[in-house]
Amino acid sequence: MNMVKIYKAVEVSAPGSLRVVERAISEPGPGQVRIRVEACGFCNTDAATVTGIYPGLNLPRVPGHEVVGRIEALGSGVSRWKIGQRVGVGFFGGEDGVCEPCRRGDIVNCQNAVIPGITVDGGYAEVMIAEARGIASIPDELSSKEAAPLLCAGITTYNALRNAGLRGGDLVAVQGIGGLGHLGIQFARHMGFHTVAIGRGQEKEKLARDLGAHVYIDTAVDDAAAVLQRMGGARAILATAPSGGAMGPLVSGLAARGKLIVVAVPGDQIQLSAFPLVFGGRSVYGTLAGTAIDTEDTLAFSVLENIRPMIETVPLEQAADAYARMMQGKARFRMVLVTGKGMAAARVA
Ligand SMILES: NC(=O)c1ccc[n+]([C@@H]2O[C@H](COP(=O)([O-])OP(=O)(O)OC[C@H]3O[C@@H](n4cnc5c(N)ncnc54)[C@H](OP(=O)(O)O)[C@@H]3O)[C@@H](O)[C@H]2O)c1
Ligand SMILES: [Zn+2]
Ligand SMILES: [Zn+2]
């Protein structure tokens, strides 16, 4: 084989530093595949790797868990996947199969899961090794760069909404209009909910409405909970903004038995009053991304309903700038690294 034995990756070598390095290509082990990466989205959770705060994280580490590419090598025992097939991997990179949640069939909550970009090297790279049980098939209708954000931002909001016991026509709010939120708004609208977007400032109103929101609440001007109560109370609020301070008061905007679904992971605490929880049976709970088969459902629904992320693409060399742009809230709405074939497609688009 004439394959080049070196690949480029962007690694966190020390907290706060993202740099392009060259690494030697390795062969996939048993049950693994090697992917030639075409696109990888930047998720706000990548900050846990870049800052080095994720518990047990070992540096250097290549971040990235919204990865799409083609399989170029198969490890032993991999039968489901073929060389050349386009696949993706998200935050769920594979379960251990032996912990208690796994033994109960709840593999997304595996206590020793493989997490690309955290426990193993991720997709800010030309090449990545993935567990075959953690990869999803990518439909032909989606380009690699538009599929990538669906692998974390997409699946997280899609799963949160579809698993919330909601019914068509329910009042559903999405708080935070970033990578997750801009997809959450589209999913909520296309699932048939009365969709409210909650942002701060007027700048995002038109974007939120274009994404499908029936109503936009600007928290710089209005109290979101009061507006939702005037509308009858939300059956669910999907909290994607990484601000515990902004999340707690939203519980008062829920209808009786309404749910605050927490997907953001803010550094600050969520302060809660017991009154709206007890008087009205409201609840607050969290949910984590989803499994590889949930990813395939997310992609299929996105194709069916013509849901796409809004993206800005950059080459590997600009990873540090793209990361900074996301962290400053300037991305509209997902930064995506493109490499190899993904780059060619990005130039045409
Ligand atoms: N549960 C999961 O499985 C899962 C999966 C992926 C990500 N996450 C977490 O989800 C969160 C969002 O990730 P992301 O990639 O979507 O981040 P992102 O692209 O940076 O978007 C976050 C958005 O929140 C908005 N925001 C921040 N504070 C706000 C406030 N007080 N009120 C209203 N909006 C506010 C920001 O808007 P402005 O600053 O422009 O106002 C920004 O657009 C992160 O905490 C991430 O770690 C969780
Ligand atoms: Zn993510
Ligand atoms: Zn497990």
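Conventions adopted
- Residues numbered from 1 in each chain as written.
- Chains lettered and ligands numbered in written order.
- Predicted model: local features only at pLDDT ≥ 70, side-chain atom pairs only at ≥ 80, totals over all residues.
- Heavy atoms only, no water.
- Helix = DSSP H or I, 4+ residues; strand = E, 2+ residues; numbered from the N terminus.
- Rg over C-alpha atoms; globule rule 2.2 N^0.38 Å.
- Contact = heavy atoms within 4.5 Å.
- Areas by Shrake-Rupley, 256 points an atom, 1.4 Å probe, with all protein chains shown as cover.
- Phe/Tyr/Trp six-rings, centres within 6.5 Å; stacked < 30°, edge-to-face > 60°.
- Buried < 20%, exposed > 50% of the residue type's maximum accessible area, 1.4 Å probe, protein only.
- Arc of directions from axis to C-beta.
- Donors = N, O, S within 2.8 Å, 3.2 Å for Na, K, Ca; no water.
- Salt bridge = Lys/Arg side-chain N within 4 Å of Asp/Glu carboxyl O.
- Core = buried A, V, L, I, M, F, W, Y, C linked by side-chain atoms within 4.5 Å.
- Tetrahedral: all angles 85-135°; square planar, octahedral: opposite > 155°, others 65-115°.
- 1 Å grid on protein atoms, 1.4 Å probe; cavity = no way out; pocket = protein on both sides within 12 Å on 5 of 7 lines; lining within 4 Å.
- Points joined across faces, edges and corners; volume = space filled by probe spheres on them.
- Nonpolar A, V, L, I, M, F, W, Y, C, P; charged D, E, K, R; others polar.
- Axes fitted to C-alpha atoms, helices over the stretch in contact; angles between N-to-C directions.
- Parallel < 35°, antiparallel > 145°, perpendicular 65-115°, else oblique.

> Can you help me understand the overall build of the protein in this one?
Helix and strand counts for the protein stand at 12 helices and 15 strands. A globule of 349 residues ought to have a C-alpha radius of gyration of about 20 Å, and the protein, at 20 Å, matches this closely. By its C-alpha atoms, the protein is 65 × 45 × 40 Å across when sized along the principal axes. Long-range pairs, those at least 24 residues apart, make up 66% of the contacts in the protein with a sequence separation of at least 6. Carbon and sulfur atoms form 52% of the exposed surface of the protein, whose accessible area is close to 15,000 Å².

> Mind showing me how you'd approach the packing of aromatic side chains here?
Working definition: an aromatic ring pair is given by the centre-to-centre distance plus the angle between the planes. Tallied over the entire structure, the rule returns 5 aromatic pairs. Summarising the aromatic geometry, the rings of Phe187 and Phe301 are spaced 6.1 Å apart at their centres and angled 40 degrees between planes, so their arrangement reads as tilted. Of this pair, Phe187 sits in helix α5 (residues 179-190) while Phe301 sits in helix α10 (residues 292-304), placing them 114 residues apart in sequence. Phe301 gets classed as buried once you look at its relative accessible area, which sits at 15%.

> Where do I start with helix α11 (residues 319-327) in this structure?
Each α-helix turn comprises 3.6 residues. Residues three or four places apart therefore point the same way. Residues Ala319, Ala322, Tyr323 and Met326 constitute the buried set of α11. Viewed end-on, α11 has its buried residues packed into an arc of 100 degrees, placing them on one side of the element. On the buried face of α11, the contacting elements are β1 (6-14), β2 (17-24), α1 (47-50), β14 (311-314) and β15 (334-338). In the segment just after α11, Gly329 is the residue with positive phi, at about 75 degrees.

> Sorry if this is basic, but what is going on with the coordination of the zinc ion (ligand 2) here?
In ideal tetrahedral geometry, four donors around a metal make angles of 109.5 degrees, whereas ideal octahedral geometry with six donors gives angles of 90 or 180 degrees. Taken together, the protein donors to the zinc ion (ligand 2) comprise Cys43 (SG), His65 (NE2) and Cys152 (SG), at separations of 2.0 to 2.3 Å. Note on His65: relative accessible area 2%, which makes it buried. A relative accessible area of 6% means that Cys152 is categorised as buried.

> Before we go on, may I ask you to explain the pattern of salt bridges in this structure?
Between side chains of opposite charge, a pair can form when the charged atoms approach closely. Counted according to the given criterion, the structure contains 20 salt bridges. Taking the shortest distance from any N to any O, the salt bridge between Arg104 and Glu100 comes out at 2.8 Å. Through salt bridges with shared partners, a single ionic network connects Glu11, Arg19, Arg23, Arg61 and Asp121.

> Which parts of the structure should I look at to understand the nonpolar core?
The tendency in soluble globular proteins is for nonpolar side chains to be buried side by side. Core analysis: the largest hydrophobic core is formed by 39 residues, its most contacted members being Leu161, Ile185 and Phe187. At the level of elements, α4 (153-162), β8 (171-175), α5, α6 (205-211), β11 (234-239), α10 and β15 are the ones that each hand at least two residues to this core. Counting residues per element, this core draws most heavily on α5, which supplies 5 residues. The contact partners of Phe187, leaving out residues within four places of it in the chain, are Leu150, Gly154, Thr157, Tyr158, Leu161, Thr298, Phe301, Ser302 and Ile307. Counting 37 residues, the second-largest nonpolar core is a separate cluster that includes Val78, Val87, Tyr124 and Ala319.

> When you look at the coordination of the zinc ion (ligand 3) in this model, what are you seeing that I'm missing?
Taken together, the protein ligands of the zinc ion (ligand 3) are Asp96 (OD), Cys99 (SG), Cys102 (SG) and Cys110 (SG), with distances of 2.0 to 2.3 Å. Geometry at the zinc ion (ligand 3) is tetrahedral, judged from its 4 donor atoms and the angles of 96 to 121 degrees they form at the metal. Each donor residue of the zinc ion (ligand 3) lies on the same chain, and together they follow the pattern D-x2-C-x2-C-x7-C. Exposure remark for Asp96: the relative accessible area of 25% places this residue in the partly exposed category.

> Sorry, what's going on with empty space enclosed by the protein here?
Gaps left between atoms show up when a probe the size of a water molecule is rolled over them. Scanning all chains against the criterion turns up 1 cavity of 30 Å³ or more. Around the largest cavity, the lining residues are Gly88, Val89, Gly90, Phe92, Gly134, Ala136, Gly290, Thr291, Ala292 and Thr295. Grouping the amino acids of the lining of the largest cavity by side-chain chemistry returns 4 nonpolar, 6 polar and no charged.

> What exactly am I supposed to notice about α4 here?
Here α4 lies mainly inside the structure; 9 of its 10 residues are buried. Taken together, the buried positions of α4 are occupied by Ala153, Gly154, Ile155, Thr156, Thr157, Tyr158, Asn159, Ala160 and Leu161. Where the residues of α4 are buried, they touch β8, α5, β11, β12 (254-262), α10 and β15.

> Would you mind going over the packing of α4 against α10 with me for this structure?
The axes of two packed helices give the description: the angle between them and the distance between them. Where α4 contacts α10, the axes come no closer than 9 Å and their chain directions differ by 90 degrees. In terms of orientation, α4 and α10 fall into the roughly perpendicular class. Taking contact as the criterion, the partners of Gly154, Ile155, Tyr158, Asn159 and Arg162 in α4 are, on α10, Asp294, Thr295, Asp297, Thr298 and Phe301. Class assignment for the residues of the contact of α4 with α10 results in 3 nonpolar, 4 polar and 3 charged.

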